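Residues per chain, in single letters:
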Amino acid sequence: GVLMLAAMIGLMLSGIMMSRYVFSFLSIEGSISFARTLHMLASYWGFLLMSVHLGMHWNMMVGMAGKAMKKDSKNHKKLIWVARGIAAVVACYGIYAFWKRRIPEYLFLISHFVFFDFGENLIWFLLDYIAIMGLFVFIIYYTCSAIEKK
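What this report covers is the structure whose coordinates are included nearby. Everything numeric in this text was worked out from a predicted model, so none of it was measured.

Considering unusual backbone geometry
Part 1: Within the chain, arginine 102 stands out as a residue other than glycine whose phi angle is a positive 60°.
Part 2: Looking at arginine 102, the relative accessible area reads 30%, which means it is partly exposed.
Part 3: Positive phi is not limited to glycine here, since leucine 109 has a value of about 55°.

Structure representation (C-alpha cells):
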C-alpha cells in the first residue's frame, strides 16, 4: 500500500513539474529530465504494484464467479479448469510481453526513455499490457493461495 501511494505521489509531482503551462502559477522549479525520469519510474512501478494489489484480491473475483456458476452442474469442474487454462495462457503470454515491452529496463532505469512504436495497432499494445497485468495477478493469486493452504 505504501509503495503504491509513493508511486502515485511520484506521478502527481512529476506531472506537475512537467506541466509548466497548467501549473505555472505554482512557480515550481525543477529539472524536466528529473521529472520525466520520475514519471517513468512511478508509472511502471505503479502499474506493477497495482497488478500485485489486484492479484492479492483476486480471490474476491474468483468467489463472485463461483457464486455465478451453479456448483452442482456437471460442467462446474470443467469450467474451473478452462478458466485456469486461460489464466495460464495469459500469464505465459504476459512473460513474453514483459520482455518484448522491455519493462525491466524501465523499472530499473536501464533505459531512461520509453520507446513507443506509434505505427503499432493500439489493440495489440493494450493486450500486451493486459497480459502483463494478468501475469502478475496470476503469480500473486496463486502464491497467496499456496500460503493460505499451509
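With respect to helix 4 (residues 76–100)
Part 1: Its 25 residues give helix 4 an end-to-end C-alpha distance of 36 Å, which sits within 8% of 36 Å, the value for a rise of 1.5 Å per residue.
Part 2: Every buried residue belonging to helix 4 is among His76, Ala91, Gly94, Ala97 and Phe98, and all of these are buried.
Part 3: Packed against the buried residues of helix 4 are helix 5 (103–107) and helix 6 (122–149).
Part 4: Of the residues trailing helix 4, arginine 102 is marked for its positive phi of about 60°.

Observations regarding the nonpolar core
Part 1: Membership of the largest hydrophobic core comes to 14 residues, with the highest contact counts inside it found for Tyr44, Phe98, Ile103, Leu107, Tyr129, Ile132 and Phe136.
Part 2: Counting only elements with at least two residues in this core, the list comes to helix 2 (32–56), helix 4, helix 5 and helix 6.
Part 3: In this view, tyrosine 129 contacts Tyr44, Phe47, Arg101 and Ile103; residues no more than four positions away in its chain are not counted.

Brief notes about the packing of helix 4 against helix 6
Part 1: Look at helix 4 against helix 6: their axes get within 7 Å of each other, and the N-to-C directions meet at 120°. Between helix 4 and helix 6, the angle is such that the two are oblique. As helix 4 packs across helix 6, the resulting crossing turns out to be left-handed. Within the contact between the two elements, helix 4 uses Arg84, Ala87, Ala88, Val90, Ala91, Tyr93, Gly94, Ile95, Ala97, Phe98 and Lys100 and helix 6 uses Asp128, Ala131, Ile132, Gly134, Leu135, Phe136, Phe138 and Tyr142.
Part 2: In terms of residue class, the contact of helix 4 with helix 6 is made up of 14 nonpolar, two polar and three charged.

Looking at the pattern of salt bridges
Part 1: Going through the model one piece at a time under the given rule, you end up with four salt bridges.
Part 2: The closest approach of N and O atoms between lysine 100 and aspartate 128, which form a salt bridge, is 2.7 Å. In this pair, lysine 100 is assigned in helix 4 and aspartate 128 in helix 6, connecting sequence segments 28 residues apart.
Part 3: The class of lysine 100 is partly exposed, set by a relative accessible area of 38%.
Part 4: In this structure aspartate 128 comes out as buried when scored by relative accessible area, which is 1%.
Part 5: For glutamate 120, the salt bridge is made with arginine 101, and the minimal N-O distance between the two is 2.4 Å. Linking glutamate 120 in the loop between helix 5 and helix 6 with arginine 101 in the loop between helix 4 and helix 5, this pair joins segments that are 19 residues apart in sequence.
Part 6: A residue is classified by how much of its surface remains accessible, and glutamate 120, at 23% relative accessible area, is partly exposed.

What counts as what
Residues numbered from 1 in each chain as written. Predicted model: local features only at pLDDT ≥ 70, side-chain atom pairs only at ≥ 80, totals over all residues. Heavy atoms only, no water. Buried < 20%, exposed > 50% of the residue type's maximum accessible area, 1.4 Å probe, protein only. Helix = DSSP H or I, 4+ residues; strand = E, 2+ residues; numbered from the N terminus. Expected span 1.5 Å × (residues − 1). Contact = heavy atoms within 4.5 Å. Core = buried A, V, L, I, M, F, W, Y, C linked by side-chain atoms within 4.5 Å. Axes fitted to C-alpha atoms, helices over the stretch in contact; angles between N-to-C directions. Parallel < 35°, antiparallel > 145°, perpendicular 65-115°, else oblique. Left-handed = near helix turned anticlockwise from the far one by under 90°. Nonpolar A, V, L, I, M, F, W, Y, C, P; charged D, E, K, R; others polar. Salt bridge = Lys/Arg side-chain N within 4 Å of Asp/Glu carboxyl O.

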